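So the chains spell out like this:
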Amino acid sequence: MKRYIALDVLRGLTVAMMILVNNPGSWSKIFPPLRHAAWDGCTPCDLVFPFFLFCVGVSMAFSLAKYTSVTREASWKILKRGVLLYLTGLLLTAYPFYPARMNHDMTLWQNYAHWLGNLRLTGILSRIAMCYVLGSFLALWLRSGKKIMCAVGVLCTLHVGLLLLFAGPEGAFSLEGNFGRAFDNAIFGESHVYHGYRNAAGQVVPFDPEGLFGALTGTCTVLLGYLIGRLIRSSEGRQYELVSKIYTWAAVSLAGSMILSIWIPINKSLWSASYVFYVGGWAMLVLAFLIYLIDIKGVEKPFFPFKALGMNPLAMFAFSGILATSLSRFLKWNSAAVFGANEWTSLLYAVLFVLVHLALAVFLYKKKIFIKL
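Residues numbered from 1 in each chain as written. Predicted model: local features only at pLDDT ≥ 70, side-chain atom pairs only at ≥ 80, totals over all residues. Heavy atoms only, no water.

Draft legend 1. Spatial organisation of the environment of Glu 300. With respect to the helices and strands, the residue Glu 300 is situated in the loop between α10 (273–296) and α11 (304–311). Separated by 168 residues in the primary sequence, Glu 300 and Tyr 132 place their C-alpha atoms 29 Å from one another. (Helix = DSSP H or I, 4+ residues; strand = E, 2+ residues; numbered from the N terminus.)

Draft legend 2. Representation of the pattern of salt bridges. Considering all chains together, one arrives at eight salt bridges under this definition. Arg 11 is paired through a salt bridge with Asp 8; the nearest N and O atoms lie 3.0 Å apart. Residue Arg 11 and its partner Asp 8 are both found in helix α1 (residues 5–22); the two are separated by three residues, about one turn of the helix. The residues Arg 11 and Asp 8 share a single accessibility class, namely buried. Among the ionic contacts, a cluster of salt bridges with common partners joins Arg 120, Asp 208, Glu 210 and Lys 268. (Salt bridge = Lys/Arg side-chain N within 4 Å of Asp/Glu carboxyl O. Buried < 20%, exposed > 50% of the residue type's maximum accessible area, 1.4 Å probe, protein only.)

Draft legend 3. Here's a closer look at the side chain of His 159. Topologically, His 159 is positioned in helix α6 (residues 145–171). In this view, His 159 contacts Phe 213, Thr 217, Leu 270, Trp 271 and Ser 272; residues no more than four positions away in its chain are not counted. (Contact = heavy atoms within 4.5 Å.)

Draft legend 4. Looking closely at the environment of Phe 97. As for its position among the elements, Phe 97 is in the loop between α3 (72–94) and α4 (108–117). The partly exposed category is assigned to Phe 97, whose relative accessible area is 40%. Taking the C-alpha atoms as reference points, Phe 97 and Trp 115, 18 residues apart in sequence, are found 9.4 Å from one another. Ignoring anything within four residues of it in the chain, the contact list for Phe 97 reads Leu 91, Tyr 112 and Trp 115.

Draft legend 5. Just empty space enclosed by the protein, in detail. A complete count under the given rule lists two cavities of 30 Å³ or more for this structure. In this structure, the largest cavity spans a volume of roughly 60 Å³. For the largest cavity, the full set of lining residues is Leu 20, Val 21, Pro 24, Lys 29, Ile 30, Phe 31, Leu 34, Glu 343, Ser 346, Leu 347 and Ala 350. Every element with two or more residues in the lining of the largest cavity is listed here: α1 and α14 (343–366). The element best represented in the lining of the largest cavity is α14, accounting for four residues. Among the residues making up the lining of the largest cavity, the classes are represented as eight nonpolar, one polar and two charged. Here the second largest cavity is characterised by a volume of approximately 60 Å³. Contributing to the lining of the second largest cavity are Arg 127, His 159, Gly 180, Asp 184, Phe 207, Asp 208, Pro 209, Gly 211, Phe 213, Gly 214, Ser 269 and Leu 270. For the lining of the second largest cavity, the per-class residue count stands at four nonpolar, five polar and three charged. (1 Å grid on protein atoms, 1.4 Å probe; cavity = no way out; pocket = protein on both sides within 12 Å on 5 of 7 lines; lining within 4 Å. Points joined across faces, edges and corners; volume = space filled by probe spheres on them. Nonpolar A, V, L, I, M, F, W, Y, C, P; charged D, E, K, R; others polar.)

Draft legend 6. Here's a closer look at helix α7 (residues 179–188). Listed in full, the buried residues belonging to α7 are Phe 179, Gly 180, Arg 181, Asp 184, Asn 185 and Phe 188. In the core, the buried residues of α7 are packed alongside α6 and β2 (204–205). The N-cap residue of α7 is Asn 178: its side-chain oxygen and the backbone nitrogen of Gly 180 are 3.0 Å apart. Gly 189 occupies a position one or two residues after α7 and carries a positive phi of about 95 degrees. (Polar contact = N/O pair within 3.5 Å; in protein donor to acceptor, adjacent residues only side chain to side chain.)

Draft legend 7. Representation of the packing of aromatic side chains. This structure, assessed with the given rule, holds 20 aromatic pairs. Measuring from ring centre to ring centre gives 6.4 Å for Trp 109 and Tyr 112, while their planes differ by 45 degrees; the resulting arrangement is tilted. Taken as a pair, Trp 109 and Tyr 112 lie in helix α4 at a separation of three residues, close to a single helical turn. Aromatic pair Tyr 197 and Phe 207: ring centres 5.4 Å apart, planes at 70 degrees, arrangement edge-to-face. With a gap of ten residues between them, Tyr 197 in strand β1 (residues 197–198) and Phe 207 in the loop between β2 and α8 (215–233) connect regions that are remote in the sequence. The class for Phe 207 is buried, based on a relative accessible area of 2%. These aromatic residues form a ring-pair network of at least three members: Trp 39, Tyr 194, Tyr 197 and Phe 207. Above the face of the Tyr 132 ring, Arg 81 is positioned so that its terminal group lies 5.0 Å from the ring centre. Its end group placed over the ring of Tyr 98, Arg 329 keeps NZ or CZ at 4.7 Å from the ring centre. (Phe/Tyr/Trp six-rings, centres within 6.5 Å; stacked < 30°, edge-to-face > 60°. Lys NZ or Arg CZ within 6 Å of the ring centre and 35° of its normal.)

Next comes the structure, spelled out in structure tokens:
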């Protein structure tokens, strides 16, 4: 089976963008396209994470190809990878494994107990883990493309139905009223979820955009990628036809998202049904373009660093988190003090941060070191 370089490049470009948007020189000085939408809507920044989930789904079509059903071997492989992804994410959140600030009115063990009692239990890697596991089992169980697409419809309907049932049309898609917030807070506890959202009054609202409830529709993004991966596998030797089909499905997905958005807002934080098809359509468009440009026309050389990054995506993403935390916690690094605090210098620092990881990825690639979970 021909290896499509475009998929490695898309994965690498996505990880590069994830590192870029997560490491600005100043969080208060960021160009609007590199910020997440405050709630409803979708900026270029909001496309980055779902692109990675889409790539996970495409890769699944190849990694699970030897299994024809949910066997014990397949189940063990899926669950082991899911647990490793989740634990890696939890370790990254906990790093460097001690409280950032010590309360001198408490003992060391009281400080640690307070830190553990407020440790966030979810994040990007946990969302990938949950969606990978559920998506893999559904793909192997259903097998048929039509059944898998029906599963996408069922999961999206369940997601919307619970939102509406819990809070009605007025509060279903709101920050404070949505079912996902209540569900995740009940499962994990308010102290263990994300505290970065604020309501109109400026009060902190505990809500996790990478929680368990959103994994229902996050899995749909994985399954859309899986279906495109199956299409790639079945189109051996017919590359122009493949690109045409992916473009067609992209147009259908984007059109569907626009229709759904009349009733269901495009919202990354909720990972709404309209958002699933919106980002899925864009991911298909970009992948089709890269297949045409790289695998058909042979324009590969300019994309080599991203190909290298795409061969070690999770390792590079994890390293970026460790490096950023280490610079902040151990070296007290303040990029704004060095580069200045405006949007351009903030972006410059983020680009330099990405270039460091691209250089490391190229080094690992040339040494044939590929770190897998």
